[in-house]
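Now for the letters of each chain:
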Amino acid sequence: MKTFILCTLLLVNSGVFTRDSEIKTSKISSLEVDKAQSRISWHAEKPTGTHDGSINVYTGKLTFQDKKLLGGFILIDMQSLKVTDLTSPDKEKLENNLKGDNFFDTGRYTVARFDITNVAYVDSTDLRKVIITGTLTMHGITKKISFKTGIQKNSGQEFVAVADAAINRRDWNIATENFKYNTFISPVITLHILIKAA
């Protein structure tokens with residue numbers, strides 16, 4: 001009996017006997033964000049109307065564990081900010097104002113960065129209900145944000161997801177120094193995000 005117990009202990013310590021969870025190894029992989037196919041649209045409101053525009057994705061990488069989104073980062077080219085609801089010369093006038101120090105000051109803060117810190121699969125059978133939490137660094141300030149994401153494709157070789165996120169510009173000191181802008185322009189900016197990675 002003592003011999004059997006001793007042999008069993010030796011086998012366990014040597015790794016011959018393992019739990020099922022220990023036998024399975026998680027596969028970690030990553031995909032590069034396709035900046036040409038990804039896009040971010042923005043929507044802002046004021047008492048006299050609304051404005052719409054776009055911002056380009058500069059680069060990014062997403063990390064997966066067993067094909068489930070685990071983390072990653074996205075860099076946003078703030079100097080690519082465009083207004084899409086106006087025509088010249090009003091279009092260029094508003095773009096220059098938004099890029100100036102009254103708003104995003106893109107000459108100084110050229111890139112914004114979003115880092116994914118947590119991915120919650122609310123319903124494993126419905127990939128339209130994935131909650132992403134992360135930090136958005138913009139205008140020299142880092143703040144935590146969270147939003148619902150719909151994963152449209154995740155084959156292991158290609159990933160496509162869409163999301164709508166609302167942020168408060170005041171959290172990043174956007175247009176807070178100008179009384180007129182801070183008072184009469186809604187603090188909420190709505191973002192529609194399409195991310196493709198391969």
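What counts and what doesn't
- The residue numbering used here restarts from 1 in each chain and proceeds along that chain's sequence as written.
- A pLDDT threshold of at least 70 governs which residues receive local features in this predicted model, and a stricter bar of 80 or more applies before side-chain atom pairs are shown or counted, although totals over entire chains, interfaces and linings include all residues.
- No hydrogens and no water enter the side-chain calculation; it runs on all heavy atoms of the structure.
- Strands here mean DSSP runs of E at least two residues long; helices mean DSSP runs of H or I at least four residues long; both are numbered from the N terminus.
- In what follows, residue pairs with any heavy atoms lying within 4.5 Å of each other are defined as contacts.
- Computed with a 1.4 Å probe, the accessible areas rest on the Shrake-Rupley method; for each residue, only the protein chains presented here act as cover.
- The rule for pairing is simple: two strands pair if DSSP sees at least two bridges between them.
- We call a set of buried Ala, Val, Leu, Ile, Met, Phe, Trp, Tyr and Cys residues a nonpolar core when their side-chain atoms join them within 4.5 Å.
- Burial classes follow relative accessibility: with a 1.4 Å probe on protein chains only, a residue under 20% of its type's maximum area counts as buried, one over 50% as exposed, and anything between as partly exposed.
- Whenever a nitrogen or oxygen atom comes within 3.5 Å of another N or O atom, the pair is scored as a polar contact, on the condition that within protein one atom can donate a hydrogen and the other can accept it, and that pairs from neighbouring residues in sequence are kept only if both atoms are in side chains.
- The salt bridge definition used is simple: a Lys or Arg side-chain nitrogen within 4 Å of an Asp or Glu carboxyl oxygen.
- In this description, the arc belongs to the directions extending from the helix axis to the C-beta atoms.

S.K.: Please give an account of the overall build of the protein that cites residues and values.
M.R.: From N to C terminus, the protein includes 4 helices and 9 strands. Counting from the amino terminus, the protein carries its helices and strands in the arrangement α-α-β-β-β-β-α-β-β-β-β-α-β. A separation of at least 24 residues holds for 54% of the contacts in the protein among residues at least 6 apart in sequence. A total of about 12200 Å² of accessible surface is found on the protein, and carbon and sulfur atoms cover 53% of it.

S.K.: Break down the pairing of strand S8 (residues 159-168) for me, with residues and values.
M.R.: Pairing between strand S7 (residues 141-154) and S8: 5 bridges, direction antiparallel. Bridging across to S8, glycine 150 finds its partner in valine 162. Judged from the 10 bridges that link them, S8 and strand S9 (residues 188-197) form a sheet pairing that is antiparallel. The residue of S9 that forms the bridge with alanine 163 is isoleucine 193.

S.K.: Break down the nonpolar core for me, citing the residues and quoting the values.
M.R.: Counting residues in hydrophobic clusters, the biggest one holds 45 residues, and the most contacted among them are Trp42, Leu62 and Phe159. Sorting elements by how many residues they give to this core places strand S4 (residues 68-83) first, with 6 residues. If we skip the residues at most four places from it in the chain, leucine 62 touches Ser29, Ser30, Leu31, Val33, Leu69, Gly71, Gly72, Ile116, Phe159, Ile195 and Ala197.

S.K.: Outline the side chain of aspartate 126, supporting the account with residue identities and numerical values.
M.R.: Relative to the helices and strands, aspartate 126 resides in the loop between strand S5 (111-121) and strand S6 (130-138). A distance of 2.9 Å separates a polar atom in the side chain of aspartate 126 from a polar atom in the side chain of arginine 128.

S.K.: Kindly report on the pattern of salt bridges, identifying the contributing residues and their values.
M.R.: Per the counting criterion, the structure on display carries 6 salt bridges. For the salt bridge of aspartate 126 with arginine 128, the shortest nitrogen-to-oxygen distance reads 2.9 Å. Residue aspartate 126 is classed as buried on the basis of its relative accessible area of 12%. The partner of aspartate 126 in a salt bridge is lysine 129, and the shortest N-O contact between them spans 4.0 Å. On the basis of relative accessible area, lysine 129 is assigned to the partly exposed category, the value being 40%. Through salt bridges with shared partners, a single network forms among Asp126, Arg128 and Lys129.

S.K.: I'd like a rundown of helix H3 (residues 90-99), residues and numbers included.
M.R.: All of the buried residues along H3 are Leu94, Glu95 and Leu98. Within H3, the buried residues cover an arc of 100° as seen down the axis, which keeps them to one side. More than 90 degrees from the buried face of H3, the exposed residues found are Lys93 and Asn96. Packing partners of the buried residues in H3 comprise strand S2 (39-46), strand S3 (49-65) and S4.

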